Amino acid sequence: MTTPKKQTGTESGRARSMWIFWIFAGVALLLLVLEHRAHVLGWWLHALLGLCVVLLYLVVRAASGDDRPR
């Protein structure tokens, strides 16, 4: 009497493809949420970005040691 053998590659290949599918689905969901969050913030996001640029300018100017008035 012979014992039934598991077919090689069919079960592991299916499990691997399901893992890949769920990873891609998770990444797509994450990107979708992040993109819509930017739209919800509206113009506040642009104001925050502008504030960061101004702050960076002030920090670089203070760190340069240029104390003379312009």
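Read on for a plain summary of the structure.

Calculation rules
Residues numbered from 1 in each chain as written. Predicted model: local features only at pLDDT ≥ 70, side-chain atom pairs only at ≥ 80, totals over all residues. Heavy atoms only, no water. Helix = DSSP H or I, 4+ residues; strand = E, 2+ residues; numbered from the N terminus. Buried < 20%, exposed > 50% of the residue type's maximum accessible area, 1.4 Å probe, protein only. Areas by Shrake-Rupley, 256 points an atom, 1.4 Å probe, with all protein chains shown as cover. Phe/Tyr/Trp six-rings, centres within 6.5 Å; stacked < 30°, edge-to-face > 60°. Expected span 1.5 Å × (residues − 1). Patch = residues over 30% accessible without salt bridge, like charges linked within 9 Å, V, L, I, M, F, W, Y side chains within 5 Å. Salt bridge = Lys/Arg side-chain N within 4 Å of Asp/Glu carboxyl O.

## Some thoughts on the overall build of the chain
Logical step 1: For the chain, the count of helices and strands is two helices and zero strands.
Logical step 2: Going through the 70 residues of the chain one by one, you find that 0% of them count as buried.
Logical step 3: As presented, the chain carries roughly 7,200 Å² of accessible surface, and 71% of it is formed by carbon and sulfur atoms.

## What to know about the packing of aromatic side chains
Logical step 1: Applying the stated rule across the entire model yields one aromatic pair.
Logical step 2: Relative to Trp-22, the ring of Phe-21 lies with its centre 5.1 Å away and its plane at 70 degrees, an arrangement referred to as edge-to-face.
Logical step 3: Accessibility expressed as a relative area gives 47% for Phe-21, which makes it partly exposed.

## Focus: helix H2 (residues 43-63)
Helical periodicity: at 3.6 residues per turn, an α-helix aligns residues three or four positions apart in one direction.
Logical step 1: In a regular helix each residue adds 1.5 Å, so 21 residues correspond to 30 Å; H2 covers 30 Å between its end C-alpha atoms and thus fits that length.
Logical step 2: Phi turns positive, to about 80 degrees, at Gly-65, one or two residues after H2.

## Quick word on a nonpolar patch on the surface
Logical step 1: Nonpolar side chains collect at one region of the surface, where Trp-19, Ile-23, Val-27, Leu-30, Leu-31 and Leu-34 lie side by side and expose about 630 Å² of accessible area between them.
Logical step 2: Inspection of the secondary structure assignment puts Leu-31 in helix H1 (residues 10-41).
Logical step 3: With a relative accessible area of 54%, Leu-31 lands in the exposed category.

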